[in-house]
Amino acid sequence: SFNSPPKTLARPSVLLVVGMHRSGTSLLGGLLQRLGVALPGETIAGDLHNPEGYFEWDEVVAIQERLLIDLDRWWPSEQGALPLPEGWLAHPAVAIAAAQLRQLLSVESARQQGLWAIKDPRCSRLLPLWIQLAAELDLPLQLLLAVRDPAEVTASLLHRDGPLVGMDATRAQQLWWRPN
């Protein structure tokens, strides 16, 4: 009808790929990219442990890594297996990270014409922040959770991170439980 208000186009959803490190999030990121889902930003290149690449937006990783360190919950550390601090969303470091992520998301969501994705296992720990940001930006958010057998994740973490950060089986198992 001529009297109907014009329909506004829905904003494309952002798909947040979450799950524990070494659980297959990179595999999902690569599959999504091959299916034509945009993965914005400069992505972290492959290495010995992920030859095809990590499919992680380097700026998002840097912001979230800094935030977890500021909250004393850097993911591979002993404190990384602990719950986030009580009231962590009100921590001053969260305000800084939120402003940085909000800016990235705002610019990128305006550019995207279809479904797009952000893949970073750190999003799993910081999911309440992502939900808050999506609501503030009126950005449709969908989640894709990568789950892998915890024994396989533990073995992979021990192989990759044991020598670097003193990862042991107990901590690796505890880390698996947080995002899952």
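This is a predicted model, so every value here is computed, not measured. (Residues numbered from 1 in each chain as written. Predicted model: local features only at pLDDT ≥ 70, side-chain atom pairs only at ≥ 80, totals over all residues. Heavy atoms only, no water.)

A. View of helix α1 (residues 25-34). Within α1, burial applies to Thr25, Ser26, Gly29, Gly30 and Leu32. One face of α1 carries all of its buried residues, which in axial projection span an arc of 160°. When the buried face of α1 is taken as reference, the exposed residues oriented beyond 90 degrees from it are Leu27 and Arg34. Buried-residue contacts for α1 involve β1 (14-18), β2 (116-119) and β3 (141-145). Immediately beyond the C-terminal end of α1, within one or two residues, lies Gly36, with a positive phi of roughly 95°. (Buried < 20%, exposed > 50% of the residue type's maximum accessible area, 1.4 Å probe, protein only. Helix = DSSP H or I, 4+ residues; strand = E, 2+ residues; numbered from the N terminus. Arc of directions from axis to C-beta. Contact = heavy atoms within 4.5 Å.)

B. Here's a closer look at helix α2 (residues 58-70). An ideal rise of 1.5 Å per residue puts 18 Å on 13 residues; α2 measures up with 18 Å between its terminal C-alpha atoms. Turning to α2, its buried residues number three or more, namely Val60, Val61, Ile63, Gln64, Glu65, Leu67 and Leu68. Where α2 is buried, its residues touch α3 (92-111), β2, α4 (122-125) and α5 (127-136). Of the residues one or two after α2, Asp72 is the one with positive phi, at around 60°. (Expected span 1.5 Å × (residues − 1).)

C. Expanded view of the packing of α2 against α3. Their axes nearest at 9 Å, the elements α2 and α3 cross at an angle of 170°. The pairing of α2 with α3 is recorded here as roughly antiparallel in orientation. Residues Glu59, Val60, Ile63, Leu67 and Asp70 of α2 touch α3, and the partners they reach there are Ala93, Val94, Ala97, Gln100, Leu101 and Leu104. Among the residues making up the contact of α2 with α3, the classes are represented as eight nonpolar, one polar and two charged. (Axes fitted to C-alpha atoms, helices over the stretch in contact; angles between N-to-C directions. Parallel < 35°, antiparallel > 145°, perpendicular 65-115°, else oblique. Nonpolar A, V, L, I, M, F, W, Y, C, P; charged D, E, K, R; others polar.)

D. The arrangement of the sheet that holds β1 in detail. Taken in spatial order, the three strands of this open sheet run β2-β1-β3, and their pairing is parallel. Every other strand in the sheet has two partners, leaving β2 and β3 as the edge strands with one partner each. Strand-to-strand, the axes of this sheet are offset by a mean angle of 25°, without reference to chain direction. Pairing analysis gives four bridges linking β1 to β2, with the strands arranged parallel. Residue Leu15 lies in a different strand from β2, and its bridge partner there is Ala117. Set on the sheet, α1 makes contact with β1, β2 and β3; between it and β1 the angle comes to about 150°. (Pairing = 2+ DSSP bridges.)

E. Region of the structure containing the confidence of the model for the protein. Summarising the model, the protein shows a mean pLDDT of 90, and 95% of its residues fall at 70 or more. Taking the mean pLDDT of every element in the protein, the minimum, 85, falls on helix α6 (residues 150-165) and the maximum, 98, on α5. (pLDDT = per-residue confidence, 0-100.)

F. Geometry of unusual backbone geometry. For Arg22, which is not glycine, the phi dihedral falls at a positive 70°. The topology assignment puts Arg22 in the loop between β1 and α1. Its identity is not glycine, yet Phe55 carries a phi of approximately 60°, on the positive side. Mapped onto the elements, Phe55 comes out in the loop between α1 and α2. With a relative accessible area of 10%, Phe55 lands in the buried category.

G. View of empty space enclosed by the protein. In total, this model carries one cavity of 30 Å³ or more according to the counting rule given. Along the wall of the largest cavity there are 13 residues; nearest its centre are Met20, His21, Trp75, Pro121 and Arg125. Among the elements that take part in the lining of the largest cavity, α4 stands out by supplying three residues, more than any other. When the residues that make up the lining of the largest cavity are grouped by side-chain class, the tally is six nonpolar, four polar and three charged. (1 Å grid on protein atoms, 1.4 Å probe; cavity = no way out; pocket = protein on both sides within 12 Å on 5 of 7 lines; lining within 4 Å. Points joined across faces, edges and corners; volume = space filled by probe spheres on them.)

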